[in-house]
Amino acid sequence: MTTSSDQTAGVSAPHTKLAQEVTQLVRDTAGELVYNHSRRVYWFGSLQGRNRDLSFDPELLYVGAMFHDLGLGERFRSSGRRFEVDSADEARRFLQAHHVPEDSIRRVWTAIALHTTPGIPEYMEPEVALVTAGVEYDVLGIGYHDISDADRAAIVALHPRPDFKQRILGAFTDGIRPKPETTFGNVKADVLEHYVPGFERGDFVRTILDSPWPE
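All values derive from a computational prediction rather than experimental measurement. (Residues numbered from 1 in each chain as written. Predicted model: local features only at pLDDT ≥ 70, side-chain atom pairs only at ≥ 80, totals over all residues. Heavy atoms only, no water.)

Enquirer: Whenever I open this one, the pattern of salt bridges confuses me. Can you help?
Expert: Note on pairing: side chains with opposite charge can pair once their charged atoms come close. Under the defined criterion, the tally for this structure stands at 19 salt bridges. In this structure, the salt-bridge partner of Arg167 is Glu32, at a minimum N-O distance of 2.7 Å. A residue pair is termed long-range when its members are at least 10 positions apart, and Arg167 in helix 8 (residues 164-176) and Glu32 in helix 2 (residues 31-51) qualify at 135 residues. Owing to a relative accessible area of 30%, Arg167 belongs among the partly exposed residues under this scheme. Look at Glu32 and you get partly exposed, because its relative accessible area is 42%. A salt bridge links Arg152 to Asp149; its shortest N-O distance comes to 3.1 Å. (Salt bridge = Lys/Arg side-chain N within 4 Å of Asp/Glu carboxyl O. Helix = DSSP H or I, 4+ residues; strand = E, 2+ residues; numbered from the N terminus. Buried < 20%, exposed > 50% of the residue type's maximum accessible area, 1.4 Å probe, protein only.)

Here's what the structure looks like:
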């Protein structure tokens, strides 16, 4: 049985025990901003999957969407790893504890780890492609008009996004400010460049030229 909070815009959230536990975990640990964003990522990713005629496992997409930003949390800020990897590892631990098959775990891990790496996920398994598609839709507005005004409004009514642009940028900044080295070569360097005074982004060319190789 689904409830009004499980279904909108013609898409239902998976109503399995595993999905319910994921929902509660993220609601309890990530806060309202990330919780609502993650739920929207599932809905927008699902609709983009329909638009692209992709066959995907809704439960795996849901887990990937719900865990994808968990690594921004305070307990991960001293890990020294990219927040995407911390998020992906949390999902893997959760799924292993629930005896999910390894291939499914790999898909979820990859979907989360690559969700800030544009140009690659779209060519991988549908669950990998659609976590990124959902994130790109909700954060960047990529493909904004691929989803109808009515469906978009229904999803945002279910999971509102008050001042979302500034608040998500604040969450990104807080989550990665303590480990700026993890932004080398990825889009989060842009965040720290805008919001952290004195931040110097890594330079790929300089890294090559300054390497210990003599030639």
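Enquirer: In this structure, what is going on with helix 5 (residues 102-113)? I would like to understand it.
Expert: Every α-helical turn comprises 3.6 residues, leaving residues that sit three or four positions apart pointing alike. Along its 12 residues, helix 5 runs 16 Å from first to last C-alpha, staying within 8% of the 16 Å computed at 1.5 Å per residue. The complete set of buried residues in helix 5 reads Ser104, Ile105, Val108, Thr110, Ala111, Ile112 and Ala113. If you follow the buried residues of helix 5, they end up packed against helix 3 (58-67), helix 4 (83-97) and helix 6 (126-140). (Expected span 1.5 Å × (residues − 1). Contact = heavy atoms within 4.5 Å.)

Enquirer: What is the right way to read unusual backbone geometry from this model?
Expert: Where the residue is not glycine, phi is negative for most of them; where a peptide bond is considered, it is trans in most cases. Of note in the backbone geometry, Ala9 takes a positive phi value of approximately 55° without being a glycine. With respect to the helices and strands, Ala9 occurs in the loop between strand 1 (7-8) and strand 2 (11-12). Notably, Asp53 is not glycine yet its phi reads approximately 60°, a positive angle. Summarising the element assignment, Asp53 is placed in the loop between helix 2 and helix 3.

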